[in-house]
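Chain residues, written in single-letter form:
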Amino acid sequence: MTSLSDSAALKRLTFSEDLNTRDYILIKGARVNNLKNINLALPRNRFIVVTGVSGSGKSSLAFDTLFAEGQRMYVESLNSYMRQFLGRMEKPDVDWIRGVSPAIAVEQKVNTRNPRSTVGTTTEIYDYLKLFFARIGKTYSPISGKEVRKDSVSDVVDFILKHPENTKYLLLAPLQMREDRSLAETFKILLQQGFTRIKLQDEVIFIEQLLPADAIPTPIEDEQETEEAEDWDEEIEAEAPQKKKKGSKKTNKEKNIATAAPLSAELQKIQDLIEKEQAQLFVLIDRGIVKQQDESVLFRLADSVQTAFYESDGICRVEIFEPQAEPTVSIFSDKFEADGIVFEEPTINFFSFNSPQGACRRCEGFGNILGIDEELVFPDKTLSVYEGAIAPWRTPKMRSWLEPLLRQGIEFDFPIHRPYEELDQAHKDLLWSGNSYFEGLDGFFNFLERESHQIQYRVLYSRYKGKQTCPDCKGSRIRKEAGFVKIGGKSIQDLVLMPIDELVEFLNQIQLNAHEEKIARRILIEIKNRLGYLLEVGLPYLTLNRQTATLSGGEFQRIKLATSLGSALVGSMYILDEPSIGLHPKDTQNLIRVLKQLRDLGNTVIVVEHEEEVIRAADYLIDIGMDAGRGGGEVIFEGTPSELAENQNQEGSYTAQYLSGRLQVFQPQKRREWSDFILIEGARENNLRNLDVKFPLGVLTAVTGVSGSGKSTLIRQLLYPALLRNLGSTSEEVGKMRDISGSLKKITQVEMVDQNPIGKSSRSNPVTYVKAYDLIRTLYAEQPLAVQRGYRPAMFSFNVEGGRCDNCQGEGKIKIEMQFMADIYLTCEVCQGKRFKKEILDITYQDKNITEVLEMTVDESVLFFKNKPRIVDKLLPLQEVGLGYVQLGQSSNTLSGGEAQRIKLASFLGKGQNSANEHIVFIFDEPTTGLHFHDIAKLLTSINALVDLGHTAIVIEHNTEMIQAADWVIDLGKDGGKKGGNLCFEGTPENLILEKDNYTAHFLRKSLEKK
């Protein structure tokens, strides 16, 4: 048996049923989709790459066979509720699979649209951060900046006992007055509770002195306590005789008789002092002398402190009398308060924006609110107030709001001629808040809101409304009180808004004391490990607060990969779908290192991939092909990458031919010339640093740069919506920039060809998207039997009621929602997955019913409808972009992002060919996603065909083959996040490779050297 101790020793395996399943995953007779009864032996605990052209069967092997069987076996191990669905789960079409481990699929699709899902919650880092702050976070008062802490009984006892032996002390509690109780009644109740003295200012007074004799309850005196108290009085009198009153040694009864007449006057005096807030009454709880070793004194002291806290609602006053010194006063509180503010003690939910306890009160944990958008109010920040920077005050009618500022700005030193972007924050705030000379913007918009019953004011008000970052939580989603809790001078709000690389740096430098270190050690290890994995997969520019729904497919997949590493599972089978998507070549080696770490933990890592660096780094390589669809589904190579490189006779493998250099992606010999362009000025959205960028028209332009450098921001948030707005569309919000200019009048249309699904419903499919299905339905409605039955074309649609199956609504599958695991899709029991009612399937064309046509591939359908040129014309663009293997009715749920993008390209190819008098700007977001070298060549041919028709193509891309084929390159960077956003290069690829300190230029040179 082949040894697995050294990956270099791995050779091509010969499938045998006798191979040990502890060392291999065995697949016999796999026939899922287009797989042609293949047998495979996959070595366990290895990094395995499955490659081949698009549609060759890679995903059928990895996901529809291996993962599906792993999931089925997992469900089989669950409880009876879960197992009731097992009988309906389809088993992969395979003779048998042995040695399958628990399977985890990490796909490209961002499968969550929950606005509360963030990078921090997805990676579980935020859960550890909440625990980190709840356990060792310290609360600081926003007024004084002092730490807020509450005192315990032991804190007070320790404070008293740290004084020298025989030091005298008083324990006092502020008297709690009630509105429904007089002062005399309060004193009477104190006596009943056993308290005998109060303190007013610097004087200790017997409560009995202040009450009539008949109002005094008979006390039960403790002779020993009375004796000790008199001794304490004598000592205090000797030290401070001036504060002692005559007659204080008389018995209680004698005192009351002697002072019976003036009692009411004394009580009234105290009442007046309290009402005028000139004095505060304290109840004397206990008094004593510090005895360090006397256990009975310690117990009595602790009990007295507890009583003080209880009687005063949490406040204990300690007065210390040291010899030859003034008495010192210390206030202790068992409340969590400071500077008159009661703070909430940190708990885990206190930092959770998904909990009512922790969510920001204003935005309810979403981070954004609907309010007045500053960018709409000040659309051009280069203008001054005098020049019309304030958009709503530009009209003659509304200028009356501006006039006071222009006339009297000199009175309060406001620079009306200075550009808005150069104003300091105080002046900007003044524009909003206003002053005694003029009403600010806040007052103006409040006026519009009050007058919103008038249509003109309502329209004006709505024009400046938009989503804005919540001013209370600064977009962190957490209640602002959570910002009072800090570690190392930073709150959790500060940390979630930091880029990951800065957060790692902060945590590495944080200083903790021994106690905090002991509590937080394990938590910090988990946080740092998971953040480290995010850095290694090329995501240093993300923040933990970033919404998951805003991530690209590649970013989301790499986040899930980092989460898997953080979970540290062992003995599992990880199946990844092109994790290099959206990754600059600079970060590919880091990704490979992460994948190998996952392998080294004791897992089998199976990656569907086309990236050359990943293919060469694999322990074991499987090449599926040779072609797509019916021409694929065979294992044409399995072994190590070195074997593939050494074997020069792999004529049946496109992968081998491109890796060896025998086949190359076509590169133009001459770049297209251009004269017209679009100019974006002052781009400053997200991390863009006030860029001026030219986009040539009539050529192929590649926008490059590392992940997070600002490519998508520049194209998707600025160029695309700005062009739409120029064409009259207002549906897209334009990011922050000064202006867009150039040959705008030449552009008649702009199309975004991205990787989003081709439809909102899973019933969306290629044949409907390219508008071919309308012709096919009409064709079937024209068949004799359909005419006889009166069927209209709508009867052959699975989007409307009539001919579709009523049970599954034309889906062909039923979704079963599962708790705590992915939903399961089961074949509809009524139509058996055929989508239509039985009577609809009676209608045939050339012996094929409508379901059988939808199951055809594009290649098969072109031949089938060869006598129907109108249908063929609609289908040919799909074939031209390399999607001949895709089924006509394939659900959008099963299409990768790259396939969805190429379907859109196919629809636009037909549109471009029919619009000779138009100039369309086509924007592609990483169109090489999911494409083999052989498919990239086809894609380039299609894009160049559009450009040759006079249109413009702008491509966001990392693939060096695509960059080499471009006429013009715009490179952003140098790095991502806060270190990006600069324009590093504009020019041709030939000039780009001459750049020295440029990541894209470095890898472009390496690619050219290989050729």
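Residues numbered from 1 in each chain as written. Predicted model: local features only at pLDDT ≥ 70, side-chain atom pairs only at ≥ 80, totals over all residues. Heavy atoms only, no water.

Counting 139 residues, the largest nonpolar core has Leu-129, Phe-132, Leu-531, Phe-796 and Phe-865 as its most contacted members. If near-sequence neighbours (up to four positions away) are discounted, Leu-129 is found in contact with Ile-492, Leu-495, Val-496, Ile-527 and Leu-544. Among the nonpolar cores identified, the runner-up in size contains 35 residues, and Ile-198, Ile-205, Leu-301 and Cys-316 belong to it. (Core = buried A, V, L, I, M, F, W, Y, C linked by side-chain atoms within 4.5 Å. Buried < 20%, exposed > 50% of the residue type's maximum accessible area, 1.4 Å probe, protein only. Contact = heavy atoms within 4.5 Å.)

Turning our attention to the sheet that holds strand β33 (residues 920–925). Strand order in the open sheet made by the six strands is β28-β33-β34-β26-β35-β36, with mixed pairing throughout. For this open sheet the edge positions go to β28 (749–753) and β36 (982–987), each flanked by a neighbour on one side alone. Going from strand to strand, the sheet's axes swing by 15 degrees on average, the running direction of each strand aside. Where β28 lies against β33, five bridges are found, and the strand directions are parallel. Residue pairing across strands places Met-752 opposite Ile-923, the latter belonging to β33. Docked against the sheet, helix α24 (residues 711–726) engages β26 (700–704), β28, β33, β34 (952–956) and β35 (968–973), running at close to 150 degrees with respect to β28. Contacts between helix α32 (residues 933–948) and the sheet are confined to β26, β33 and β34, with β26 contributing the most and set at about 125 degrees to the helix. (Pairing = 2+ DSSP bridges. Helix = DSSP H or I, 4+ residues; strand = E, 2+ residues; numbered from the N terminus. Axes fitted to C-alpha atoms, helices over the stretch in contact; angles between N-to-C directions.)

The topology assignment puts Gly-466 in strand β17 (residues 465–469). Spatially, the C-alpha atom of Gly-466 lies 5.7 Å from that of Gly-371, the residues being 95 residues apart in sequence. With residues up to four places along the chain from it excluded, the contact list for Gly-466 reads Ile-369, Leu-370, Gly-371 and Asp-373.

A few words on the confidence of the model for the protein chain. Averaged over the protein chain, the pLDDT score is 82; the fraction of residues at 70 or greater is 88%. Contacts for the low-pLDDT stretch residues 1–9, under 50 throughout, to residues beyond four places or in other chains number 16 contacts. The model gives residues 220–228 a pLDDT under 50, and that stretch makes three contacts with residues more than four places away or in other chains. (pLDDT = per-residue confidence, 0-100.)

Inspection of every chain in the model, using the stated rule, returns 30 aromatic pairs. Considering the side-chain rings of Trp-401 and Phe-444, the 5.1 Å spacing of their centres and the 75 degrees angle between planes classify their relative orientation as edge-to-face. Residue Trp-401 is found in the loop between α11 (374–377) and α12 (403–408), and its partner Phe-444 is found in helix α14 (residues 441–450); the two are separated by 43 residues along the sequence. You can call Phe-444 buried: its relative accessible area is 0%. Taken together, a centroid distance of 6.2 Å and an interplanar angle of 10 degrees make the contact between Tyr-845 and Phe-865 stacked. In this pair, Tyr-845 is assigned in strand β31 (residues 844–845) and Phe-865 in the loop between α29 (858–864) and α30 (869–880), connecting sequence segments 20 residues apart. (Phe/Tyr/Trp six-rings, centres within 6.5 Å; stacked < 30°, edge-to-face > 60°.)

All right, on to the pairing of strand β3 (residues 47–51) then. In terms of burial, β3 is a largely internal element, five of the five residues being buried. Burial along β3 is two-sided: Phe-47, Val-49 and Thr-51 and Ile-48 and Val-50, pointing in opposite directions, are all buried. The sheet contact formed by β3 and strand β21 (residues 604–608) spans four bridges and is parallel. Along β21, the bridge assignment pairs Ile-48 with Ile-606. Pairing of β3 with strand β22 (residues 620–625), which is carried by four bridges, proceeds in the parallel orientation. Bridge pairing in β22 places Ile-48 opposite Tyr-620.

All right, on to unusual backbone geometry then. Peptide bonds are, in most cases, trans, and in most cases residues other than glycine have a negative phi. Looking along the chain, the bond that leaves Gly-625 and enters Met-626 is cis, with omega of 10 degrees. Here Met-626 is to be found in the loop between β22 and β23 (634–639). Going from Gly-973 to Lys-974, the amide bond is cis rather than trans, its omega being 5 degrees. At Asp-413, a residue that is not glycine, the phi angle is positive and equals roughly 60 degrees. Relative to the helices and strands, Asp-413 is located in the loop between α12 and α13 (425–433). The residue Gln-809 is not glycine, and still its phi comes out positive at about 55 degrees. Tracing the backbone through its elements, the reader meets Gln-809 in the loop between α27 (784–789) and β29 (813–816). Assessed through its relative accessible area of 36%, Gln-809 is described here as partly exposed.

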